[in-house]
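In case you want the letters, here they are:
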Amino acid sequence: MKRQRTVKQAFSAAGIGLHSGSKVTVNFRPAPADTGIIYTRTDLNPPVSIKCEPEAVRDTQLCTALVNMDGVRISTVEHLTAALSALGIDNLYIDVNAPEVPVMDGSAQPFIYLFEAVGVQDLPEPKRYLRVARKVRVEDGDKWAELNPSAGGFQLDLTIDFNHPAMERELQHFAFNFTGRGFASELSRARTFCFMRDVEYMHAHNLALGGSLENAVVLDDYRVVNPDGLRYPNEFVKHKMLDAIGDLYMSGHSILGSFKAYKTGHKLNNMLLRAFLSDAQNYELISWSDERADERAETFEFIDARSTELA
Ligand SMILES: [Zn+2]
């Protein structure tokens, strides 16, 4: 039986905020079962908490933000959420002293590294999964995304379509059978990417003050500008898949089913998740204590951080 998880002990990390360019500190604390993932803005008086759930997600120009009823926001949550998905962490308190989570290197790898070093803690209660019961599809122009029932754990198949000399056609499709370890090795290091013209626009409008070649792949009209190049030959599509994994984990539950998408992004992924959860016929919430427990969830291997040696 797989159990719900949290982090083994409280710890903190610091980094640069993408929006402000200032140093941001984030504290992670263990949470009991069935808490979910709760962000708290400790820079506000009194502090404001926002639960990570699909209805709170807003896609902004730069990142994914969680926004509450009063308009209080916490930005740049998407890569951390993707890392939590791979670690199998479903309960956690995350305190930030700014309106954003540090951008780190623009990928999920620094979060994986930190959580592996500190360790995760299994809780007594069984883990719950969202099993796709029937097809759900959303479209936006020529872009689309869908969830389908499947015989395995969680499969992803994603295609991007950029017409750019640095993005070869055959490197714009990727299929992946989700495991935590596979996420860590195949996807977690893929960085966010943007175009030089967007960077110029954003800086002219005082946006993304913390954005740099340290936390994004930047493309000009012909090539990758970063002196060290790419981390994977297909880093672009892999980052889009990392994003999708984070976006689909905004429910706080791993999905049993297959995800397929064309030219998708945060906005469409969130539309898909909301459409999926809007009708109880679309899914089943299953766990091991359940009669409907499913051996297919056995294929779901999360990162076993407890066995990881400190480097
Ligand atoms: Zn991203």
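So, how was this worked out
Residues numbered from 1 in each chain as written. Predicted model: local features only at pLDDT ≥ 70, side-chain atom pairs only at ≥ 80, totals over all residues. Heavy atoms only, no water. Axes fitted to C-alpha atoms, helices over the stretch in contact; angles between N-to-C directions. Helix = DSSP H or I, 4+ residues; strand = E, 2+ residues; numbered from the N terminus. Left-handed = near helix turned anticlockwise from the far one by under 90°. Contact = heavy atoms within 4.5 Å. Nonpolar A, V, L, I, M, F, W, Y, C, P; charged D, E, K, R; others polar. Domains from an automatic or database assignment. Buried area = accessible area lost by both parts, 1.4 Å probe. Buried < 20%, exposed > 50% of the residue type's maximum accessible area, 1.4 Å probe, protein only. Lys, Arg positive; Asp, Glu negative; His and termini not counted. Salt bridge = Lys/Arg side-chain N within 4 Å of Asp/Glu carboxyl O. Phe/Tyr/Trp six-rings, centres within 6.5 Å; stacked < 30°, edge-to-face > 60°. Lys NZ or Arg CZ within 6 Å of the ring centre and 35° of its normal.

S.K.: Explain the packing of helix 5 (residues 235-248) against helix 6 (residues 266-278) here, please?
M.R.: Helix-helix packing: each pair is described by the crossing angle between the helix axes and the interaxial distance. Between helix 5 and helix 6, whose axes approach to 9 Å, the crossing angle comes to 35°. Considering the relative orientation of helix 5 and helix 6, their crossing is right-handed. Only His266, Asn269, Leu272 and Leu273 of helix 6 make contact with helix 5, whose side of the interface consists of Asp243, Ala244, Asp247 and Leu248. For the contact of helix 5 with helix 6, a count of residues per class yields 4 nonpolar, 2 polar and 2 charged.

S.K.: What exactly am I supposed to notice about the domain arrangement of the protein chain here?
M.R.: A common measure of how large an interface is: the accessible area buried when the components associate. What the domain assignment lists for the protein chain is domain 1 (3-126) and domain 2 (129-306). The centre of domain 1, based on its C-alpha atoms, is set 18 Å off from the matching centre of domain 2. Across the boundary between the two partners, domain 1 contributes 47 residues, which contact 45 residues of domain 2. Approximately 3,300 Å² of surface area, both sides summed, lies buried where domain 1 meets domain 2, with 62% of it carried by carbon and sulfur atoms. In terms of surface lost to domain 2, no three residues of domain 1 exceed Pro54, Ser85 and Ala86, which account for 16% of the buried area on that side.

S.K.: Just checking my understanding: could you explain the side chain of aspartate 247 for this structure?
M.R.: Residue placement: aspartate 247 occurs in helix 5. An unpaired buried charge is present at aspartate 247: no salt bridge exists, and lysine 240, the closest side chain of opposite charge, is 8.4 Å distant. In this structure, aspartate 247 is in contact with Thr64, Gly265, His266, Asn269 and Leu273, ignoring residues within four places of it in sequence.

S.K.: Help me out: how do you make sense of the packing of aromatic side chains in this one?
M.R.: To describe a pair of aromatic rings, one takes the distance between the centres and the angle between the planes. Counted under the stated rule, the structure contains 12 aromatic pairs. Their ring planes at 45° and their centres at 6.1 Å tell us that phenylalanine 162 and phenylalanine 195 sit as a pair that is tilted. On the criterion of sequence distance, the pair formed by phenylalanine 162 in the loop between strand 14 (154-159) and strand 15 (173-177) and phenylalanine 195 in strand 16 (residues 193-195) is long-range, its members being 33 residues apart. Taking relative accessible area as the criterion, phenylalanine 195 reaches 12% and is therefore assigned buried. Cluster of aromatic residues (ring-pair linked, three or more members): Phe154, Phe174, Phe176, Phe178 and Phe183. The ring of tyrosine 232 has arginine 189 lying over it, and the distance from NZ or CZ to the ring centre is 5.9 Å. Just above the ring of phenylalanine 195 sits the side chain of arginine 197; from NZ or CZ to the centre is 4.9 Å.

S.K.: Would you mind showing me how to read the side chain of threonine 81 here?
M.R.: Relative to the helices and strands, threonine 81 resides in helix 1 (residues 78-87). For threonine 81, a relative accessible area of 1% gives the class buried. In contact with threonine 81, not counting residues within four places along its chain, are Tyr39, Gly246, Tyr249 and Met250.

S.K.: Teacher, can you tell me more about unusual backbone geometry here?
M.R.: With glycine set apart, most residues show a phi of negative sign, and most peptide bonds adopt trans. The omega torsion across asparagine 45 and proline 46 is 0°, close enough to zero to call that bond cis. Structurally, proline 46 is set in the loop between strand 4 (37-41) and strand 5 (48-51). Look at asparagine 206: it is not a glycine, yet its phi comes out positive at around 60°. Along the chain, asparagine 206 falls in the loop between helix 4 (196-204) and strand 17 (217-219). A residue is classified by how much of its surface remains accessible, and asparagine 206, at 58% relative accessible area, is exposed. The phi angle at lysine 263 is positive, at roughly 55°, despite the residue not being glycine. Its location among the elements puts lysine 263 in the loop between strand 18 (254-262) and helix 6.

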